[in-house]
Amino acid sequence: MQHEPEVKRWTAKRKAELVKEIIKGKTTVKEAARNYDLTPAEVERWVADAMMGMENALKANPKNVREQYEKKIDDLHAAYGEAMLEVKFLKKLQRHLDQDDG
C-alpha cells in the first residue's frame with residue numbers, strides 16, 4: 001500500500017480533512033494511522049473531538065470550546081473523587097475483614 005507524504009504539522013484544518021475522510025468512509029482510523037504514522041488513539045481522539053464539536057455546533061445555543069473543556073474537566077474531577085472514595089471504602093473494608101480473620 002502506498003504511504004501518504006509525511007505531514008510535518010497537523011493543523012486543525014488537516015485534522016478536520018482526515019476526520020471527514022473517515023466519516024465519509026473513504027478511509028478507516030487504522031488505515032489513516034498507518035498511512036500517516038500516527039497512533040490509532042490519536043486519530044480516534046481527533047474523531048471524538050470532531051464529533052463533540054459537531055454536536056455542539058448543531059445545538060440551538062452552542063457553548064464555546066472553553067466551556068466544553070471546563071465541563072469535561074469538571075466531570076473528570078467528579079469521577080476521580082468518586083473513585084477515590086471507593087478506594088478508601090474498599091481499603092477500610094479490607095482492614096475490617098483482615099481484623100475479623102485475625
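What counts as what
- Residues numbered from 1 in each chain as written.
- Predicted model: local features only at pLDDT ≥ 70, side-chain atom pairs only at ≥ 80, totals over all residues.
- Heavy atoms only, no water.
- Helix = DSSP H or I, 4+ residues; strand = E, 2+ residues; numbered from the N terminus.
- Buried < 20%, exposed > 50% of the residue type's maximum accessible area, 1.4 Å probe, protein only.
- Polar contact = N/O pair within 3.5 Å; in protein donor to acceptor, adjacent residues only side chain to side chain.
- Contact = heavy atoms within 4.5 Å.
- Axes fitted to C-alpha atoms, helices over the stretch in contact; angles between N-to-C directions.
- Parallel < 35°, antiparallel > 145°, perpendicular 65-115°, else oblique.
- Left-handed = near helix turned anticlockwise from the far one by under 90°.
- Nonpolar A, V, L, I, M, F, W, Y, C, P; charged D, E, K, R; others polar.

J.: Talk me through the side chain of T27; I want residue IDs and the actual numbers.
T.: Take T27: it is sitting in the loop between helix 1 (12-23) and helix 2 (29-36). A relative accessible area of 14% means that T27 is categorised as buried. Among the polar contacts listed, one links the side chain of T27 to the side chain of E31, at a separation of 3.1 Å. Excluding residues within four positions of it along the chain, T27 makes contact with E21, I22 and A32.

J.: Which residues make up the packing of helix 2 against helix 3 (residues 40-57), and what are the values?
T.: It is the contact of helix 2 with helix 3, at a shortest axis distance of 8 Å, that shows an interaxial angle of 120°. One way to sum up the angle between helix 2 and helix 3 is to call them oblique. Like other packed secondary-structure pairs, helix 2 and helix 3 cross with a definite hand, here right-handed. Of the residues in helix 3, those touching helix 2 at V29, A32 and A33 are P40, V43 and E44. The residue makeup of the contact of helix 2 with helix 3, split by class, is five nonpolar, no polar and one charged.

Just distances and angles here, no functional claims.
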